[in-house]
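Chain by chain, the residues:
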Amino acid sequence: MGTTFWPKDPLDGNDMTLLTSILRRWCARYGIEFTADESRLKAKELVEWFEFGVKDPAELEELIDGKHWLVSRI
């Protein structure tokens, strides 16, 4: 099995601030604690979208909001 290397830029402080603020708003919208399992899954999804190339905050919020049902079935 081969290995695929995906050159990703490391997340910097500004990236983390942006992603954290989006995640906190999502948590507040759905009444989920920031440290809950649902929040961790949503954070993973958010980072994946960001690393995929989605950098617009509004678009990121729409993408993770549209998949709320995925983490509500834990």
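In this text, all values refer to a predicted model and were calculated from it rather than measured experimentally.

Draft legend 1. Spatial organisation of the pattern of salt bridges. All told, the structure shown has 6 salt bridges when counted by the stated rule. The salt bridge partner of Arg29 is Asp65, with a shortest N-O separation of 3.4 Å. Of this pair, Arg29 sits in helix H1 (residues 13-30) while Asp65 is found in helix H3 (residues 57-65), placing the two residues 36 residues apart along the sequence. Overall, Arg29 belongs to the partly exposed group, its relative accessible area being 42%. Because the salt bridges share partners, they merge into one network encompassing Arg25, Arg29, Glu61 and Asp65.

Draft legend 2. Seen up close, the packing of H1 against H3. Where H1 contacts H3, the two axes come as close as 10 Å, and the packing angle between them is 40°. Here H3 runs oblique to H1, going by the angle between their axes. The chirality of how H1 crosses H3 is right-handed. When H1 is examined against H3, the residues Leu18, Leu19, Ile22, Arg25, Trp26, Arg29 and Tyr30 are found in contact with a partner set consisting of Pro57, Leu60, Glu61, Ile64 and Asp65.

Draft legend 3. Structural context of the environment of Asp9. Here Asp9 lies in the segment before H1. Here Asp9 falls in the exposed class, since its relative accessible area comes to 69%. Counting along the chain gives 42 residues from Asp9 to Glu51, while the straight-line C-alpha distance between them is 8.0 Å.

Draft legend 4. Representation of the packing of H1 against helix H2 (residues 37-52). Where H1 meets H2, the axes come as close as 10 Å, and the angle between the chain directions of the two elements is 135°. Considering their axes alone, H1 and H2 lie oblique with respect to each other. Taken as a pair, H1 and H2 cross one another with a handedness that is right-handed. Contacts between H1 and H2 pair Asp15, Leu18, Leu19, Ile22, Leu23, Trp26 and Cys27 from the former with Glu38, Ser39, Lys42, Ala43, Leu46, Val47 and Phe50 from the latter. In the contact of H1 with H2, the residues fall into 10 nonpolar, 1 polar and 3 charged.

Criteria and thresholds
Residues numbered from 1 in each chain as written. Predicted model: local features only at pLDDT ≥ 70, side-chain atom pairs only at ≥ 80, totals over all residues. Heavy atoms only, no water. Salt bridge = Lys/Arg side-chain N within 4 Å of Asp/Glu carboxyl O. Helix = DSSP H or I, 4+ residues; strand = E, 2+ residues; numbered from the N terminus. Buried < 20%, exposed > 50% of the residue type's maximum accessible area, 1.4 Å probe, protein only. Axes fitted to C-alpha atoms, helices over the stretch in contact; angles between N-to-C directions. Parallel < 35°, antiparallel > 145°, perpendicular 65-115°, else oblique. Left-handed = near helix turned anticlockwise from the far one by under 90°. Contact = heavy atoms within 4.5 Å. Nonpolar A, V, L, I, M, F, W, Y, C, P; charged D, E, K, R; others polar.

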